[in-house]
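Observations on the three-dimensional arrangement
Listed below, chain by chain, are the residues.
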Amino acid sequence: MDLAVDRSFQILRTRIDRFGVAQPNIQRLATTGRILIELPGIKEPERVRRLLQGTAKLEFWETYEFAEVYEYLWDANDRLRDLRTGETEDEDALETFFDEEAAEPEDLLLDELVDDPDRIEQDDSLSIAEMLGDDFDDLEEFQDFARENPLFAYLTPNFMQDQAGNMRPGPGPVVGYAAVQDTARVNSMLKHPQVRNIFPRNLRLYWNVKPLRGTDNTHELVAIRETTRDGTAPLTGEVITDARQDFSPTGQVEINMAMNTEGARVWRRLTADNIGRSIAIVLDDYVYSFPTVQSEIAGGRSQIFGQFSIQEAQDLANILRAGSLPAPARIVEEAVVGPSLGREAINAGFTSFLIAFIVVLIYMALYYNRAGMVADMALVANIFFILGVLASLGAVLTLPGIAGIVLTLGMAVDANVIIYERILEEIRSGKGLRLAIADGYKNAYSAIVDGNITTLLTGVVLYIFGSGPVQGFATTLIIGIICSLFTAIFLSRLVFTRWLDKNANIRFNSKFSKDVLTKVNFDFIGVRKRFYTVSAIVILVGLASFAVRGLNYGIDFSGGRSYVVRFDNDVNTVDMRVALIEELGEPAEVITFGPSNQVRITTSFMIDDDSDEADARAEQRIYEAIQGFFNEPITFSEFVSDDDAKVIGRLSSQKVGPAVARDIKVGAVVSVAIALLIIFSYIASRFRKWQFGLGSLTTVFHDAIIVVSLYSIFYNVVPWTMEIDQAFIAAILTIIGYSVNDTVVIFDRIRENIKLFPKRDLRNNINTALNATLSRTINTSGTTIAVLLIIFLFGGEVIRGFAFALMIGVAVGTYSSLFNSAPIAYDLLTMKQKNKNRK
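Digging into the overall build of the protein
In terms of regular secondary structure, the protein is built from 26 helices and 19 strands. Buried positions account for 53% of the 839 residues belonging to the protein. When contacts within the protein are restricted to residue pairs at least 6 apart in sequence, long-range pairs at least 24 apart make up 74% of them. Accessible area of the protein: about 38,500 Å², with a carbon and sulfur share of 56%.

Right under this line is the structure:
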C-alpha cells in the first residue's frame, strides 16, 4: 500500500510538472492512502481531472477478426433472450433488464469521457433493425424487436453488405457499435456469467475511447485476443522511453513513441506475426487505435492515432512519459481554495511593489537626469513584456515567480546603470556626446552579455533539472532576462539615436550625482584578509548555530496537521494567521477552503508527536486561537464534535506530508550544482583563467551559507517568520543569480584593465576595476535593496520573511563581490608567483 502511494505520488508530481503548472502543492496525507494536490490558477478543471485520474496503463494487444467471433455474438443474443424469457414475462422487462448491473460503479460509462454529455439524445441509438432498414413507429414496436434481440437492440453488429446483397462480417476487429449511453447496459449483458461462458476464454471486449468518425456518440467495441499464458498484454507501456505529440503525413494529430531494446524486440516479433491483422493500442482499458500491420516494424517506433486535439495528444504524451500509476487514482474531494497569501496580503504586496517601483523610477530620473527617464521607459516596457509573456503562456504568479521578476528587474536596472556609467566615463575623457554614447554602449556590451548569459544559463539548468518552485522561478527568470536585454540595449539606444538626430540635450547626471564615487581609490586587495576574517566569523557562528539550534523548517519541509474549520461568518485569513502564530508560537498557513466562511488551517505544531494526546492538545490550542472569530460562542466539545449534522466547527483533521518532497530537494540541489559547474566553465573559458571561475563559485557558496546561517541565528529572535519553506528556496536561487551577475560585471572590468594595461601590476588593475565599478555596484544594489526594503516594511506579514531573505542576500552578494570574489581570484592568480618567491 505504502509503496503504491509513494509511486503514485512521484508519478502525479511528474505529470503535473509537465502539465505546466507553476509551483503546485502536492502532499501525502498520513495513513489514508490519499494525496492532496493544489494547483494554482487552473482554468480547465476537466482536463486536470483526466490528467490525475488516468492510470496510464498502456498495452499492445493482438486482436480477433470479427469474422472469427461473430457467431459467439449471435449465441450471446440468443442466450440473453432465453434468460429474459425464462425469468419474466413482464412487458417492461426490456427497460429493467440488467439495470442493477448497469448501475454498478465499476462499469465506467463512456459518457464520462465526452466533453458535453448533455448533447446526447436517447433516440441517437443505433440498432440492428435500423441497419436492416426497419423503422419503428412507436416504443411498443421497438420493444417487440428487443424481446427477440436483447443485445442487438443496443449493440449493432459489424455486418456489411457485399456486392450480391448478402450480409457479411465486416473486416477488422470491430464487433459492433453502440451509443455512448448504452455502453454500460451492453457491458452488463456481456458480463452475465451465462453469457460470458459462450465466448472464448482469451477474448476481451474493449470500447474505443473516441466516437466513430462522423458520429457524435457512437463507439466501437473491439475484440482483443489474449496470447500469453498469464493473460497479460505481450507489450506494455513500461518499455516506452519517450512519447511526443506529432503530426502524420496527412496532417492528423498523433503520438510518436520510442521503446527500449526489449520493447523493440517484442514489437518487431508482434508486428511480424500479425501482418494483415490489427494490433490494438489500449490505454486504461480503452482502445485508442487499432492499426492494421502492413509489414514487420523494427526499431521500436510506434504511433497512436485517434481523433485527438493537439492539447489532448500533448497531455497523453506527457502521461505516457511520466509512467503508469501502480493503482487507479480517484478524486474523492474537490474544492476551490483561496490564495495562500490572503487577499489582504496580496493587496499589500502589490501596493508595496508599486510604491517601490515608483521610487526606483524617481531615483533613476533624479540621478541620471534625462537619461534616467529613458531607463524608466525601458523598465516600464520590461514589466509589460514580462507580464505579457507570462499571461500568454498561462503562467501563474507565485512567490518564486515574483522572486524571478525582482531579480530580472534588478538586472535590468543594472544594465542601464552599466551603460550610463560607461558613457559618463567616455564623456569625462573628453569625447563628444554622440561618440561617448556609441563607445559607452560598445564597452558595456561585454559586461551586460556575460552577466546575463551566466544568469540565463542558470535559469535554463534550473528549469530542466528542477521542479515545482524551482521551475516557477526559472521560468520568470528566463523570460525576464530576455525582455530586459531587449529593453535595456535596443529600446534605450533607439531613443538616444532619435534624440541625437534632433540635436537634443541629453544629460547623464544631475547636480547631486555629478562626480559621485568617481575619485574613490580604496585598496580592496590590501584589506582583503580583514574581510576574509569577518566572513569566516559569521560563517562559523552560523554553523555553530546550525549545529545547536538547527533551522526552523516550515510546513513545506516538515509536514503538519491540517484542519478544515467552518465559521458562522466570513473570516479574515490574515488576522487568523496572526492569532494562530501568537497562540502556537509557530507559523501557520490559513487559506479559504470553498466558501468564504470556511478555511483550512495547516500547522507544524507538535508534528513530531504522534500520540493521541498531542492531537487533542493541538486542537485545543487551535480552538483557543480562533474561537474569537465565531460570531456566536462555541464550546471546545462542539468545535471538535464529529457529528455529521453540525454546521460550524472543525469539520475534518488529518496529518499531511511535506509539500517539498525529497525529489524536489534532490532536484534543487542537483540543478544548482549543475548550474554552478556550467557557470564555472563559462567564466573560466570566457576570462581565460580558471581562477576567476573558482572565485565566482566561492562567492556563491559564501553568500548562500551566510544567508542560511542568519536564518539559523535569528529565527524566534526577530518578530517575523524565519522558516525554511518554498519561498526560502526561491530566495536562495535569487541570491545565487544576483551574486553571479554582480561578480561577472566586476570580473569583466578586471579583464578589460588587464588587456589595456598588461604591464601594470595585477593588484592595481583589480583595485582600479573595483573602484571604477563602485558607482554601478552601489546604484544597482541600492535600488534593489530599496525595492525589497519597501516590500519588507509595507508588504504585509505573510511575505516579510521572504523579502528579508532577498534583502539580506542582495546585501551579502554586494559585499562578497567587492571584498571576496575579486580578492580570492587575486590570491589564486598570484599563488604560483608567491610560492616561487618563497622558494
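Regarding the side chain of Asp 439
In this structure, Asp 439 sits in helix H14 (residues 433–465). A residue is classified by how much of its surface remains accessible, and Asp 439, at 17% relative accessible area, is buried. Separated by 2.6 Å, the side chains of Asp 439 and Lys 431 make a polar contact. In contact with Asp 439, other than residues within four places in its own chain, are Glu 426 and Lys 431.

Details of helix H24 (residues 762–772)
Here H24 has its buried residues at Asn 765, Ile 766, Asn 767, Ala 769, Leu 770 and Asn 771. Where H24 begins, the side chain of Asp 761 points an oxygen toward the backbone nitrogen of Arg 763, at a separation of 3.2 Å.

Remarks on the pairing of strand S9 (residues 218–225)
Within S9, 7 of the 8 residues are buried, leaving the element largely enclosed by the surrounding structure. Here strand S8 (residues 203–207) runs beside S9; their pairing, made up of 5 bridges, is antiparallel. Bridging across to S9, Leu 203 finds its partner in Arg 225.

Considering the pattern of salt bridges
Should their charged atoms come close, side chains of opposite charge can pair. Tallied over the entire structure, the rule returns 21 salt bridges. The salt bridge involving Arg 225 is made with Glu 62; its shortest N-O contact spans 3.1 Å. Residue Arg 225 is found in strand S9, and its partner Glu 62 is found in strand S3 (residues 58–63); the two are separated by 163 residues along the sequence. We classify Glu 62 as buried; its relative accessible area is 8%. In this structure, Asp 523 engages Arg 763 in a salt bridge whose closest nitrogen and oxygen atoms are separated by 2.8 Å. With Asp 523 in the loop between helix H15 (469–501) and helix H16 (528–548) and Arg 763 in helix H24, this residue pair connects regions lying 240 residues apart in the sequence.

Let's talk about the environment of Ile 732
Tracing the backbone through its elements, the reader meets Ile 732 in helix H23 (residues 726–756). For Ile 732, a relative accessible area of 14% gives the class buried. For the pair Ile 732 and Ala 805, spaced 73 residues apart in the sequence, the C-alpha separation amounts to 7.9 Å.

Describing the confidence of the model for the protein
Mean pLDDT over the protein: 76, with 75% of residues reaching 70 or higher. When the criterion is pLDDT under 50, residues 88–135 qualifies, and its contacts beyond four places in sequence or with other chains add up to 80 contacts.

Considerations on helix H10 (residues 261–273)
End to end, H10 covers 19 Å across 13 residues, agreeing with the expected 18 Å (1.5 Å per residue, within 8%). Along H10, the residues that are buried comprise Gly 263, Ala 264, Val 266, Trp 267, Leu 270 and Thr 271. Each buried residue of H10 lies within a common arc of 170° when the element is viewed along its axis, so the set occupies one face. Exposed residues on H10 whose side chains face more than 90 degrees from its buried face are Thr 261 and Asp 273. Where H10 begins, the side chain of Asn 260 points an oxygen toward the backbone nitrogen of Glu 262, at a separation of 3.4 Å.

Focus: a nonpolar patch on the surface
Together, Phe 350, Leu 354, Ile 358, Ile 362, Leu 366 and Phe 512 give the surface a local cluster of nonpolar side chains, amounting to about 610 Å² of exposed area. When you line up the elements, Phe 512 lands in the loop between H15 and H16.

Focus: the nonpolar core
Burial of nonpolar side chains together is a common tendency in soluble globular proteins. The biggest cluster of nonpolar side chains holds 103 residues, and the ones touching the most others in it are Tyr 420, Phe 496 and Phe 508. In terms of residue count, H23 provides more of this core than any other element does, 15 residues in total. Counting residues in hydrophobic clusters, the runner-up holds 51 residues, among them Val 186, Phe 199, Ile 240 and Leu 283.

Topic: the packing of H16 against helix H22 (residues 690–714)
Packing of H16 against H22 brings their axes to within 8 Å, and their N-to-C directions diverge by 50°. Relative to H22, the element H16 lies oblique. Helix-helix and strand crossings are classified by hand; for H16 and H22 the assignment is left-handed. Facing H16, whose interface residues are Ser 535, Val 538, Ile 539, Val 541, Gly 542, Leu 543, Ser 545 and Phe 546, H22 presents His 702, Ile 705, Ile 706, Ser 709, Ser 712 and Ile 713. A per-class count over the contact of H16 with H22 returns 8 nonpolar, 6 polar and no charged.

A word on the packing of aromatic side chains
Using the criterion set out here, one finds 29 aromatic pairs in the structure. Considering the side-chain rings of Phe 66 and Phe 159, the 5.5 Å spacing of their centres and the 75° angle between planes classify their relative orientation as edge-to-face. On the criterion of sequence distance, the pair formed by Phe 66 in helix H3 (residues 66–87) and Phe 159 in strand S5 (residues 159–161) is long-range, its members being 93 residues apart. On the basis of relative accessibility, which here comes to 15%, the residue Phe 159 falls in the buried class. Among the aromatic residues, ring-to-ring pairing joins Tyr 363, Tyr 367, Tyr 368, Tyr 420, Tyr 441, Tyr 445, Phe 496, Trp 499 and Phe 508 into one connected group. Directly above the ring of Trp 499 sits Arg 370, whose terminal nitrogen or CZ lies 4.1 Å from the centroid. Arg 760 extends its terminal NZ or CZ atom over the ring of Phe 757, reaching a point 3.9 Å from the ring centre.

Details of the pairing of strand S14 (residues 286–289)
Judged from the 3 bridges that link them, strand S13 (residues 279–283) and S14 form a sheet pairing that is antiparallel. Bridge assignment links Leu 283 to a residue of S14, and that residue is Tyr 286. Joining the antiparallel neighbours S13 and S14 is a turn of 2 residues, in which Asp 284 adopts a positive phi near 50°.

Calculation criteria
- Residues numbered from 1 in each chain as written.
- Predicted model: local features only at pLDDT ≥ 70, side-chain atom pairs only at ≥ 80, totals over all residues.
- Heavy atoms only, no water.
- Helix = DSSP H or I, 4+ residues; strand = E, 2+ residues; numbered from the N terminus.
- Buried < 20%, exposed > 50% of the residue type's maximum accessible area, 1.4 Å probe, protein only.
- Contact = heavy atoms within 4.5 Å.
- Areas by Shrake-Rupley, 256 points an atom, 1.4 Å probe, with all protein chains shown as cover.
- Polar contact = N/O pair within 3.5 Å; in protein donor to acceptor, adjacent residues only side chain to side chain.
- Pairing = 2+ DSSP bridges.
- Salt bridge = Lys/Arg side-chain N within 4 Å of Asp/Glu carboxyl O.
- pLDDT = per-residue confidence, 0-100.
- Expected span 1.5 Å × (residues − 1).
- Arc of directions from axis to C-beta.
- Patch = residues over 30% accessible without salt bridge, like charges linked within 9 Å, V, L, I, M, F, W, Y side chains within 5 Å.
- Core = buried A, V, L, I, M, F, W, Y, C linked by side-chain atoms within 4.5 Å.
- Axes fitted to C-alpha atoms, helices over the stretch in contact; angles between N-to-C directions.
- Parallel < 35°, antiparallel > 145°, perpendicular 65-115°, else oblique.
- Left-handed = near helix turned anticlockwise from the far one by under 90°.
- Nonpolar A, V, L, I, M, F, W, Y, C, P; charged D, E, K, R; others polar.
- Phe/Tyr/Trp six-rings, centres within 6.5 Å; stacked < 30°, edge-to-face > 60°.
- Lys NZ or Arg CZ within 6 Å of the ring centre and 35° of its normal.

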